[in-house]
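# Commentary on secondary and tertiary structure
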Amino acid sequence: MVEPSEIKWNELTFSLTQARSMYIATCKADESWQHGSLQPYGNISISPAAGVLNYGQGAFEGLKAYRTHDNKHVVLFRPRDNAKRMLDSCERLCMPPVPEDFFVNAVVAVVKDNIAYVPPYRPEASAQGSLYLRPLVIGSGAMLGVKPAPEYTFLVYASPVGPYFKAGFQPIKLKIDTHYHRAAPGGTGGVKSISNYAGGMYPAKEAKHEGYSEVLYLDAREDKYIEEVGAANFFCIHGNTLLTPDLNGTILPGITRRSVIQLAKEAFGMKVEERRVTLEEALKADEAFASGTAAVISPIGSITYNGKTVSFSGGQVGKMTDKIYRTLLAIQHGIEPDRYGWMYQVE
Ligand SMILES: *Cc1c(COP(=O)(O)O)cnc(C)c1O
């Protein structure tokens, strides 16, 4: 644990800083989640034969607690949506479902107990910090054969974080990788299974080595349609139309994605199409960006495919991309009214 007084808020990056406490609950396979408690942040003890260690039976969530612009309140962004997605992940991975209220109450308890770790509000949008919350459900019980674990652990820990990109709101360079895929039809790409992420580390490492920020994945069946940007959802803009891959089972239903779609339709009067997006049409877009809790919005400056690079908005941040980003941040920090009922006030 790091004392809040020792934290240099302006120097935080998107990395782990140990907070004060974490929430932990356990549950047998055939029971329901009932008792949990806050404990000092620290290591947990687990059997070498635990399901999660051997067969990757586990799911995570990620959400942030922010200070409002007047530093008066601490708020969460759509925590019920994270709770619902965790329910879907639990079902897909044969884990006892964590009830929505149980999930939200645990997250709120962790925020309240670690309130001194929520970074102060900063006027410069791209320098914003937050308390990142990481709920986990894991098969913690011991067994040998491939089957659901006999016992489960639900954990929520927290870490104060700084901005995702050190350089601020700058366009990123993407590389199309046709050798690797993130998710296959019928697999677990549509839920936040921990097993989906280690496989992306090698292609991401290669891409970074070659000077790109991330990999832009294509569909595993035809190598023709856009899927996701690393672990973020993809969007592109043609005129007044916002295009994004539809949720066909291999795309993670991002909460930022859902919010961007609603804003585009209701606040900016854009036409939104959720459907298969070919690489070809994405490369002809006026603007492109990625969305996710960690970076909120990442403008895409260029996409490189087969050695050919296509730039968007002259390699600058696109106008609509900038508008969507600023509006989302303004709602999250209580600068713009919360018209859609997205914010949850913790204190
Ligand atoms: C978490 C995640 C996202 C973004 O979801 P948000 O709810 O917006 O944070 C997108 N793609 C993948 C693969 C993810 O794991």
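Below is a short write-up of the structure. Along each chain, residue indices are assigned from 1 in the same order as the chain's sequence is written. Whole-chain, interface and lining totals are the exception, using all residues; otherwise, since this is a predicted model, local features are given only for residues with pLDDT of at least 70 and side-chain atom pairs are given and counted only at 80 or more. The side-chain numbers reported here are obtained from all heavy atoms of the structure, hydrogens and water having been left aside.

## Quick look at the overall build of the protein chain
Quick note on the threshold: Note on conventions: DSSP H or I runs of at least 4 residues are helices, E runs of at least 2 residues are strands, and numbering of each starts at the N terminus. Type-normalised accessible area, obtained with a 1.4 Å probe on protein chains alone, sets the label of each residue: buried when under 20%, exposed when over 50%, and partly exposed for intermediate values. Whether two residues are in contact is decided by their heavy atoms: any pair within 4.5 Å suffices. Using the Shrake-Rupley algorithm and a 1.4 Å probe, accessible areas are obtained, with residue cover drawn only from the displayed protein chains. In this tally Asp and Glu are treated as negative and Lys and Arg as positive; neither His nor the chain ends contributes. Charged side chains are reduced to one point each, which is NZ for Lys, CZ for Arg, CG for Asp and CD for Glu.
In terms of helices and strands, the protein chain carries 7 helices and 17 strands. Taking the principal axes of the C-alpha coordinates as reference, the protein chain spans close to 55 × 50 × 35 Å. Every one of the 347 residues in the protein chain was classed for burial, and the buried ones make up 53%. Long-range pairs, those at least 24 residues apart, make up 71% of the contacts in the protein chain between residues at least 6 apart in sequence. For the protein chain, the computed accessible surface area is about 15,600 Å², with 50% contributed by carbon and sulfur atoms. Across the protein chain, the 36 positively charged side chains and the 36 negatively charged ones have centroids separated by 2 Å.

## Comments concerning the environment of I237
Mapped onto the elements of the fold, I237 is located in strand 11 (residues 232-238). Overall, the relative accessible area of 2% leaves I237 in the buried class. For the pair I237 and M270, spaced 33 residues apart in sequence, the C-alpha to C-alpha distance is 9.6 Å. With near-sequence residues (within four places) excluded, I237 lies in contact with L242, M270, A285, D286, E287, F289, M320 and T321.

## A look at the packing of aromatic side chains
Let me state the cut-off plainly: The pairing test for Phe, Tyr and Trp rings, Trp by its six-membered ring, is centres within 6.5 Å, and the orientation test on the planes gives stacked under 30 degrees, edge-to-face over 60, and tilted for anything in between.
Tallied over the entire structure, the rule returns 14 aromatic pairs. An aromatic cluster is built from Y23, W33, F102, F103 and F154, whose rings are joined through pairwise contacts.

## Description of the site of the ligand
Formally: We call a residue near a molecule or strand as soon as one heavy atom of that residue lies within 4 Å of the molecule or strand. Counted as a polar contact is a pair of N or O atoms within 3.5 Å, where, for protein atoms, one must be capable of donating a hydrogen and the other of accepting one, and residues adjacent in sequence contribute only when both atoms are in side chains. Polarity classes work like this: nonpolar for Ala, Val, Leu, Ile, Met, Phe, Trp, Tyr, Cys and Pro, charged for Asp, Glu, Lys and Arg, and polar for all others, with Gly in that last group.
Taken together, 14 residues lie around the ligand, and K192, Y197, E228, T256 and T293 are the ones closest in. For the ligand, an oxygen atom lies 2.6 Å from a polar atom in the side chain of K192. A distance of 2.8 Å is found between an oxygen atom of the ligand and a backbone nitrogen or oxygen belonging to I255. Residue assignment for the shell around the ligand shows that the elements contributing at least two residues are strand 11 and helix 5 (255-266). Broken down by class, the residue content of the shell around the ligand amounts to 5 nonpolar, 5 polar and 4 charged.

## Some points on the pairing of strand 15 (residues 296-305)
What counts here: Pairing between strands is defined by DSSP: at least two bridges between them are needed.
With 9 of its 10 residues buried, strand 15 lies for the most part within the structure. Alignment of strand 8 (residues 172-177) against strand 15, held across 4 bridges, turns out to be parallel. Note that in strand 15 the partner of L174 across the bridge is I303. Where strand 14 (residues 287-292) hands over to strand 15, the hairpin turn is made up of 3 residues, counted between the paired strands. In this structure, strand 15 lies alongside strand 16 (residues 308-311), joined through 4 bridges in antiparallel fashion. Paired with S302 across the two strands is S311, which belongs to strand 16. Where strand 15 hands over to strand 16, the hairpin turn is made up of 2 residues, of which N306 adopts a positive phi near 50 degrees.

## Some points on helix 7 (residues 319-332)
Rules: Multiplying 1.5 Å by the helix residue count minus one yields the expected span of that helix.
With 14 residues, helix 7 extends 20 Å between its outermost C-alpha atoms, agreeing within 8% with the 20 Å of an ideal straight helix rising 1.5 Å per residue. Of all 14 residues making up helix 7, 10 are buried, and the element is well covered by its neighbours. Among the residues of helix 7, M320, T321, I324, Y325, T327, L328, L329, A330, I331 and Q332 are the ones counted as buried. Immediately beyond the C-terminal end of helix 7, within one or two residues, lies G334, with a positive phi of roughly 70 degrees.

## Quick word on the pattern of salt bridges
Definition in use: By definition, a salt bridge exists where a carboxyl oxygen of Asp or Glu is found within 4 Å of a side-chain nitrogen of Lys or Arg.
Counting across every chain of the model gives 16 salt bridges. The partner of D113 in a salt bridge is R20, with the nearest N and O atoms 2.9 Å apart. Taken together, the residues span a long stretch of sequence, with D113 in helix 3 (residues 100-113) and R20 in the segment before strand 1 (21-28) at a distance of 93 residues. You can call D113 partly exposed: its relative accessible area is 24%.

## Details of the nonpolar core
Test applied: Here the nonpolar core consists of buried residues drawn from Ala, Val, Leu, Ile, Met, Phe, Trp, Tyr and Cys, with membership extended through side-chain atoms lying within 4.5 Å.
Core analysis: the largest hydrophobic core is formed by 39 residues, its most contacted members being W33, L76, V111, L133 and F154. At the level of secondary structure, the elements contributing two or more residues to this core comprise strand 1, strand 4 (63-67), strand 5 (74-77), helix 2 (79-92), helix 3, strand 6 (130-139) and strand 7 (151-161). In terms of residue count, the dominant contributor to this core is helix 3 (8 residues). The contact partners of V111, leaving out residues within four places of it in the chain, are A65, V74, L76, L131, L133 and V346. Listed in part, the 27 residues of the second largest apolar core include I237, I255, I261 and Y340.

## With respect to the side chain of K64
Along the chain, K64 turns up in strand 4. Although K64 is buried, it makes no salt bridge; E61 carries the closest opposite charge, 13 Å away. Looking at K64, its side chain comes within polar contact range of the main-chain oxygen of T293, at 2.9 Å. At 2.8 Å, the side chain of K64 forms a polar contact with the backbone oxygen of A294. In this view, K64 contacts F14, V75, L76, F77, S130, L131, Y132, L133, T293, A294 and V296; residues no more than four positions away in its chain are not counted.

## Details of the pairing of strand 13 (residues 271-274)
Put simply, the test is: Every crossover in which the path from the first strand over the helix to the second runs clockwise, viewed with the strands pointing away from the viewer, is termed right-handed.
Examined bridge by bridge, strand 12 (residues 241-244) and strand 13 share 4 bridges and lie parallel to one another. Looking at the pairing, L243 lines up with E273 of strand 13. Since strand 12 and strand 13 lie parallel, the crossover through helix 5 that links them has a hand, and here it is right-handed.

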